[in-house]
Amino acid sequence: MDPLEDVLALLETRSHVSTGLLAGGEWAVRFSAPSGVKFNAVRRGSCLLEVEGGDRPLVLSAGDCYLLTRPRGFTLRSSADAVPVDAGPVFAKAERGVARVGDGEDVLLMGGRFSFGNRAQELLLDALPPVIHAPAATSQAETVRWALTMIDQELLHQRMGSTLVAEHLAVVMLVHVLRLHLARHPRTVSGWLAGLADPVVAAALTAMHEQPAHPWTVAELARCAAVSRSTLAARFKSTVGQGPLEYLTGWRLELASKRLREGGGTVATIARDVGYGSESALSTAFKRTMGMSPRDYRKQLGPV
């Protein structure tokens, strides 16, 4: 798997498609801070998005979607002058999966949220800006539009398994929104995500994620990226914020942590599987980073 796929899988990414919103005339709906990552897509019409702490409203047009990666309240509105109402009562009156506000059907939005398992903040969300806007008017957005259209179809026709299909399609949409954002605004992300926007660093990241247990050296990783050892080391450090082998150690510990939480295998087996020669080597690295031994970590966070 590539690094993005690896991290989303490790974080047990799940989507939850919610009630749509149909609006017209002068309208505004105020939402409390969401849990997880909130997304909305404008399927028809246009509106404004205001996020707490944001500089200015974001204009959303048909086909646009956005992600909110921080727990901040936000308002969707027809114009700056529209007086907002709380979202709770509006959505409590929803019928057949659609809530209504205002007078008319000028604007249609679909939305939901993404939830994650442990470590999402450190591994993914901290690397992203608070708001990601994926405009429809870009050539890279075609797959995002396709995913949104398919979600619409599943929710409209309500065939067998439609909710499950729609939620899987939403995860597909998330991957493509992140790809689109990396392609358009690589400097607004940090850490390993920023590394994916650099072809040299991305080659080294991909090699490590494909074979995390391999005894990588910087020289070997440099050959994978077709650059010198010094070039890789410098670009990796400046882009990701740490050296290649330091990153590899962190990723191995994330893999070990997931195995420990799930309860699969002995500590010695996990150590070998993620690239440590012995249980004691994993324990030393684990204590240094996590502040406790693998066995204590499993007792605290493992399956009941």
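This structure is a prediction, so every number in the text was calculated from the model and none was measured.

**Q** So what's going on with helix H8 (residues 218-225)? Which residues, and what values?
**A** Every buried residue of H8 is accounted for by Val218, Leu221, Ala222 and Ala225. Viewed along the axis of H8, the buried residues span an arc of 105 degrees, placing them on a single side of the element. In this structure, the buried residues of H8 make contact with helix H7 (199-210), helix H9 (229-240) and helix H10 (244-262).

**Q** A description of the pattern of salt bridges should follow, citing residues and the corresponding values.
**A** In this structure the tally under the stated criterion is 10 salt bridges. Between Glu105 and Arg100 there is a salt bridge; the shortest N-O distance is 2.8 Å. The partly exposed category is assigned to Glu105, whose relative accessible area is 43%. The salt bridge partner of Arg259 is Asp273, with a shortest N-O separation of 3.2 Å. Of this pair, Arg259 sits in helix H10 while Asp273 sits in helix H11 (residues 267-273), placing them 14 residues apart in sequence. We classify Arg259 as partly exposed; its relative accessible area is 25%. What makes Asp273 partly exposed here is its relative accessible area of 41%. A cluster of three or more residues bridged by salt bridges with shared partners is formed by Arg119, Glu122 and Glu254.

**Q** Go over the side chain of Arg77 with me, naming the residues and quoting the values.
**A** Relative to the helices and strands, Arg77 is located in strand S8 (residues 74-77). A polar contact of 2.4 Å, which involves the side chain of Arg77, links it to the backbone oxygen of Ala82. If we ignore the near neighbours within four places in the chain, the residues touching Arg77 are Trp27, Ala28, Cys47, Leu48, Glu50, Ala82 and Pro84.

**Q** Give a detailed account of the sheet that holds strand S5 (residues 47-51), specifying residues and quantitative values.
**A** Strand pairs in the sheet, formed through backbone hydrogen bonds, run parallel or antiparallel to each other. Read from one edge to the other, the open sheet built from five strands follows the order S6-S5-S8-S3-S9, with strand pairing classed as mixed. Each having just a single partner strand, strand S6 (58-60) and strand S9 (85-86) make up the two edges of the open sheet. Both strand S3 (residues 28-31) and S9 contribute to a ladder of two bridges, which runs parallel. Each residue of the ladder has a partner; that of Arg30, found in S9, is Asp86.

Rules behind the numbers
- Residues numbered from 1 in each chain as written.
- Predicted model: local features only at pLDDT ≥ 70, side-chain atom pairs only at ≥ 80, totals over all residues.
- Heavy atoms only, no water.
- Buried < 20%, exposed > 50% of the residue type's maximum accessible area, 1.4 Å probe, protein only.
- Helix = DSSP H or I, 4+ residues; strand = E, 2+ residues; numbered from the N terminus.
- Arc of directions from axis to C-beta.
- Contact = heavy atoms within 4.5 Å.
- Salt bridge = Lys/Arg side-chain N within 4 Å of Asp/Glu carboxyl O.
- Polar contact = N/O pair within 3.5 Å; in protein donor to acceptor, adjacent residues only side chain to side chain.
- Pairing = 2+ DSSP bridges.

Don't take any of this as a statement about function, it's just geometry.
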